[in-house]
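Structural overview for review
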Amino acid sequence: MSENLSHPNGPRVLVVANQKGGVGKTTTAINLGTALAAVGEKVLIIDLDPQGNASTGLGIQRRPGQKSTYHVLIGEETLGNVIVESGIPRLDCAPSTMDLLGAELELADLARKTYRMADAIAALVKQDNAKQPYSYILLDCPPSLNLLTINALCAADAVLVPLQCEFFALEGLSQLIKTVERVKTSLNPKLSIQGVVLTMFDRRNKLSEQVAEDVRSVLGDKVYQTVIPRNVRVSEAPSYGKPVLLYDNACVGSQAYIRLASEIIRRERELRAA
Ligand code: ADP
Ligand code: MG
């Protein structure tokens, strides 16, 4: 397979963002990436969180001296040079290292400080011509709206927001939407919101239902039909260095991520047809 299945004009770059921690960003990046790869897309996950949960959740061991997205951001390495295979067909990862913790300060003095990742992706796409190019690039962000997340927003075509169905979920969301609007106005005019995915949904919990209803009434069909249930298999998988789709393909969490991937692909097709 040598063609770019979904995106003949280069990869679709989606950023998984929410300034709250523990809402399912990394879980969504890993499992959406795996589900997209399973249906034939070629996927790159870029880990921009110093915690590196996307890297370790894909079974990538962090070695001392490892080159990472930190080195890409400060201009020491090309993105192509830090990418490693995940062991899952068609799924690669640009890992993070703890060096990223200091990146914010270092980036502040560099030229095009908000476009470092955008420039790195553009260079990769240019250089990638000979090989099978990526059709999707997913960026996993830290739980804040810092310069790392701004770099991701500047590099992206669209934002995917995992939202945990809990009290105050909507408040956090409006803050994120404001930031996305600000980046769109001043830094990256093509940026849009691909969609909001409800995560860790617990149908026995009345609050979950209530928040889901509220979010849908405010955001309408920006909210994916697919809801990711709270599922213990999903939380077990990272300790085996595996996406839940490989750890337990049949569990409800895996099935939900497969449905989310097809919903996203459908939405992308509609966007391109429009
Ligand atoms: P974030 O990247 O936003 O900080 P994570 O994806 O790391 O959030 O998820 C936070 C925690 O919740 C992790 O321990 C993860 O394994 C767990 N988790 C995520 N999604 C689910 C789910 N659907 N069911 C159960 N546990 C989940
Ligand atoms: Mg995370």
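What counts and what doesn't
Each residue is numbered by its place in its chain's sequence as written, counting from 1. Lettering of chains starts at A and numbering of ligands starts at 1, both following the order in which they are written. Selection of residues for local features in this predicted model requires a pLDDT of at least 70, selection of side-chain atom pairs for listing and counting requires 80 or more, and totals for whole chains, interfaces and linings are taken over all residues. Side-chain figures throughout are based on the complete set of non-hydrogen atoms in the structure, without hydrogens or water. Only heavy atoms are used to decide nearness, and a residue is near a molecule or strand if one of them lies within 4 Å of it. Pairs of N or O atoms are called polar contacts if they sit within 3.5 Å, as long as, within protein, a hydrogen donor faces a hydrogen acceptor (for residues adjacent in sequence, only side-chain-to-side-chain pairs). Points on a 1 Å grid, built from protein atoms alone, make a cavity when a 1.4 Å probe fits but cannot get out and make a pocket when they are open with protein on both sides within 12 Å along at least 5 of 7 lines; residues with an atom within 4 Å of a point are the lining residues. A cavity or pocket is said to hold a molecule if more than half of that molecule's atoms lie within 2 Å of its grid points. Helix and strand assignments follow DSSP, with helices taken as H or I runs no shorter than four residues and strands as E runs no shorter than two, numbered in order from the N terminus. Ten residue types, Ala, Val, Leu, Ile, Met, Phe, Trp, Tyr, Cys and Pro, are classed as nonpolar, four, Asp, Glu, Lys and Arg, as charged, and the remainder, Gly among them, as polar. In this text, buried Ala, Val, Leu, Ile, Met, Phe, Trp, Tyr and Cys residues form a nonpolar core when linked through side-chain atoms within 4.5 Å. The rule is simple: take the accessible area with a 1.4 Å probe, protein chains only, and divide by the maximum for that residue type; under 20% is buried, over 50% is exposed, in between is partly exposed. Any two residues whose heavy atoms approach within 4.5 Å at even a single point are treated as in contact. Between any two strands, pairing holds if DSSP finds at least two bridges. Orient the strands so they point away from the viewer, and a crossover whose first-strand-to-second-strand path over the helix runs clockwise is right-handed. We define a salt bridge as a contact between a side-chain nitrogen of Lys or Arg and a carboxyl oxygen of Asp or Glu at a distance within 4 Å. By convention, a stacked pair of Phe, Tyr or Trp rings (six-membered ring in the case of Trp) has centres within 6.5 Å and planes under 30 degrees apart, an edge-to-face pair has planes over 60 apart, and any other such pair is tilted. Any Lys NZ or Arg CZ that is within 6 Å of a ring centre and within 35 degrees of that ring's normal is treated as a charge sitting over the ring.

**A few points about the site of ligand 1**
- As a matter of local geometry, ligand 1 sits amid 14 residues, with Gly22, Thr26, Thr27, Pro229 and Asn231 nearest to it.
- Within the contact set of ligand 1, an oxygen atom lies 3.0 Å away from a backbone nitrogen or oxygen of Gly24.
- Residue Thr26 places a side-chain N or O atom 2.8 Å away from an oxygen atom belonging to ligand 1.
- Structurally, ligand 1 is housed in the largest pocket.
- For the shell around ligand 1, the secondary-structure elements that each account for two or more residues are helix 1 (25-38), strand 8 (223-229) and helix 10 (232-236).
- Here the element with the most residues in the shell around ligand 1 is helix 1; it accounts for three residues.
- Tallied by class, residues from the shell around ligand 1 come to five nonpolar, seven polar and two charged.

**A look at the nonpolar core**
- Counting 53 residues, the largest nonpolar core has Val15, Ile46, Leu79, Met117 and Leu139 as the members making the most contacts within it.
- Looking at which element gives the most residues to this core, the answer is helix 7 (residues 147-155), with seven residues.
- Apart from the residues lying within four places of it in its own chain, the contact partners of Leu79 are Leu44, Ile46, Val72, Ala94, Ala120, Ile121 and Leu124.
- Counting residues in hydrophobic clusters, the runner-up holds 28 residues, among them Leu58, Ala158, Ala256 and Tyr257.

**Topic: the pairing of strand 8**
- Taken together, the three bridges between strand 7 (residues 192-201) and strand 8 define a ladder with parallel strand orientation. The residue bridging Val196 from the neighbouring strand is Val223, located in strand 8.
- Each parallel crossover has a hand, and the one from strand 7 via helix 9 (residues 206-219) to strand 8 is right-handed.

**Details of the pairing of strand 6 (residues 158-164)**
- Of all the seven residues making up strand 6, seven are buried; the element is thus mostly covered by neighbouring parts of the structure.
- Covered by surrounding structure in strand 6 are Ala158, Leu160, Pro162 and Gln164 together with Val159, Val161 and Leu163, the residues of both alternating faces.
- Two elements, strand 1 (residues 12-16) and strand 6, share three bridges in a ladder whose sense is parallel. Bridge pairing links Val15 to Val159 in strand 6.

**Here we look at the pattern of salt bridges**
- Counted by the stated rule, this structure contains seven salt bridges.
- Residue Glu76 is joined to Lys67 by a salt bridge in which the shortest nitrogen-to-oxygen separation is 4.0 Å.
- For Lys67, a relative accessible area of 34% corresponds to the partly exposed category.
- The shortest N-O distance in the salt bridge between Glu236 and Arg233 comes to 2.9 Å. Placement of the pair is Glu236 and Arg233 together in helix 10, with a separation of three residues, close to one helical turn.
- On the basis of relative accessible area, Glu236 is assigned to the partly exposed category, the value being 26%.
- The structure contains a network of salt bridges with shared partners spanning Arg233, Glu236 and Asp248.

**Some thoughts on the packing of aromatic side chains**
- Counted according to the given criterion, the structure contains two aromatic pairs.
- Geometrically, the ring pair formed by Tyr240 and Tyr247 is stacked, given 4.9 Å between the ring centres and 25 degrees between the ring planes.
- Residue class for Tyr240 comes out exposed when judged on its relative accessible area of 54%.
- One cation-aromatic arrangement involves Lys42 over Tyr134; the distance from NZ or CZ to the ring centre is 4.8 Å.

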